[in-house]
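Observations on the three-dimensional arrangement
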Amino acid sequence: MKRTFHFLLVICALMVTAHVAHAFYDPTVGRFLSMDPIDNNKGESPYTYVGGDPVNKIDPDGRQEFFIMAEEPFVLRPVLETARPIETVRPVEAPQPVETPKPVDAPKPVDDPIQAHHSDPKFMGGDPDQPLTDMSRSSHQDLHNTMNKFLEQYTDEAGNNMRPTSNNSGQDIKTNFPRAERLDALKDFYNGPGAQWPNAAQDFFTQHPELLPTVVPPGYYILKKKPCLN
Amino acid sequence: MPELTIAPRGEPIGYTLGGHDNDTYLLVKSEVCEGCGLISPEKRRDAISSDVRVKKRRMDVSATYDGFTIVSTKFKGWVESHYPDGVAFQPLLSDPTFYVLSVSREIAFDSARRKTRFLNFCPVCKQYEEVIGATPGYVKATPEPFSGLYRTDIAFGSGNSKHYLVIIDPKCYLECKQEHFAGAVFHPVYKS
């Protein structure tokens, strides 16, 4: 009887504390009940949670703190569109697929991994450190095929054009067209056939807001301030 | 007198030798002009990164996005055995099977005939931000004898990615074609 009572007492104690892998945490006092196993050497109490800064940090297992990264304060959003289309959404944690027996001769799943697109291509002089647009490989290929075809119409007096080919390298394009003309061609692309990849267009105009049209017709993009989180 | 057009006349006297993009940058942060942010041509070679590896490695002749011509060991060996005059190869420190090609013998490019555009002059460093209009190339004269690799006296392109055109004579061009150097791109050059 005494042993059963002792067991129930332990269970109750566990119910009022939260177990965080390597330490017991009491949410009512906001402190760990046991010392941090890793000495942080920062002069902080070994019983605090993330140094008393739970807004900006997390500590999933009690062993190491991580900063929560903030997003850029300004973003471009398509007019009348509240969320980025699925083309660029990269799941943070993909759900584990339910294992089902595979039928015989089942069709092979399409291998279409996510790739990063330079909305201002490097062969046109784009910044190598520009923010990248996530899209599927097939979508990425379609975009570049469409873009290359589109760029063929931009020619100079000598008959050169902006389409990259086996006989027209990126270096050739950059020596025959100034950066302003290359950017104008890309602006036309993303306002024309390139608009079917709205995230790439959005990322291009985020980099070059000076190329946005001053009068915004439907379907174009405008700058919009993201609401402050604090 | 009718105005000259850019359209070429006659047979080419040589060819430019360039390469496709190899998705690599060589320049590192360096001392730049306070007025325009350009690196002077003299300091450009000293601003090559020591820890860069070429990303697209199958090409014998390729170009970095910042205007350097990169060649393979195969191309270097061929040039050194056939046309060694005025050519130097600087190995990449962290990728020693690739070399930065530099050519010292100059040919005067006829920018008026080609209608080359010189844009945004910087009074501080006396450079143009952009020099646009390179192909088809026109040269004022060819040296005698004209054999092997030369470069233009003008660098073309934008910002810190400007580069000289490498010009080769017709015989060298035919031999290059026979060697099938991967990535090499040729364009005809005419006399004014």
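Refer to the preceding data block for the structure.
Rules of the game
- Sequence order as written defines residue numbering, which begins from 1 separately in each chain.
- All chains are assigned letters beginning with A, and all ligands numbers beginning with 1, in the order in which they are written.
- Side-chain atom pairs in this predicted model are given and counted only at pLDDT of 80 or more, local residue features only at pLDDT of at least 70, and totals for whole chains, interfaces and linings cover all residues.
- A run of H or I in DSSP becomes a helix once it reaches four residues, and a run of E becomes a strand once it reaches two; helices and strands are each numbered from the N terminus.
- Based on C-alpha atoms, the radius of gyration is set beside the globule rule, defined as 2.2 Å times the residue count to the power 0.38.
- In this scheme every C-beta is placed from the backbone, and a residue whose C-beta has 20 or more other C-beta atoms within 10 Å is buried, one with 12 or fewer is exposed, and one in between is partly exposed.
- The contact criterion used is a C-beta to C-beta distance within 7 Å, with each C-beta placed from the backbone.
- For this scheme, ten residues count as nonpolar: Ala, Val, Leu, Ile, Met, Phe, Trp, Tyr, Cys and Pro. Four count as charged, namely Asp, Glu, Lys and Arg, and the remainder, Gly too, count as polar.
- For this entry, the nonpolar core is defined as buried Ala, Val, Leu, Ile, Met, Phe, Trp, Tyr and Cys residues connected by C-beta atoms within 7 Å.
- Paired strands are those between which DSSP finds at least two bridges.

**What about the overall build of chain B?**
Across its full length, chain B holds 4 helices and 12 strands. Its C-alpha atoms give chain B a radius of gyration of 17 Å, near enough to 16 Å, the size a compact globule of 192 residues would have. By its C-alpha atoms, chain B is 55 × 45 × 25 Å across when sized along the principal axes. Counting across all 192 residues of chain B, residues that qualify as buried make up 40%. In chain B, the share of contacts with a sequence separation of at least 24, taken over all contacts with a separation of at least 6, comes to 70%.

**Thoughts on the interface of chain A and chain B**
At the interface, 18 residues of chain A touch 22 residues of chain B. If you tally residues by element for the side of chain A that touches chain B, the top one is helix H3 (residues 170–176) of chain A, at 6 residues. Across the side of chain A that touches chain B, the residue classes break down as 5 nonpolar, 8 polar and 5 charged.

**A word on helix H5 (residues 198–207) of chain A**
Of all 10 residues making up H5 of chain A, 8 are buried, and the element is well covered by its neighbours. Taken together, the buried positions of H5 of chain A are occupied by Pro198, Asn199, Ala200, Ala201, Gln202, Asp203, Phe204 and Phe205 of chain A.

**A look at the environment of Asp134 of chain A**
Residue and element names in this part refer to chain A. For Asp134, the location among the structural elements is in strand E8 (residues 133–136). By C-beta crowding, Asp134 is classed as partly exposed, having 18 other C-beta atoms within 10 Å. Distance in space between the C-alpha atoms of Asp134 and Ser119 is 10 Å, their sequence separation being 15 residues.

**Digging into the nonpolar core**
Counting 57 residues, the largest nonpolar core has Leu149, Val166, Ile167 and Ile168 of chain B as its most contacted members. Ignoring any residue separated from it by four or fewer positions in sequence, one finds Ile167 of chain B in contact with Gly14, Thr16, Ile107, Tyr150, Arg151, Thr152 and Val189 of chain B.

**Regarding the pairing of E8 of chain A**
Residues and elements named next belong to chain A. Alternating positions in E8 separate cleanly, Thr133 and Met135 being buried on one face and Asp134 and Ser136 remaining unburied on the opposite face. Sheet topology places strand E7 (residues 114–117) next to E8; 4 bridges connect them, and they run antiparallel. Paired with Gln115 across the bridge in E8 is Met135.

These figures come from the coordinates and say nothing about function on their own.
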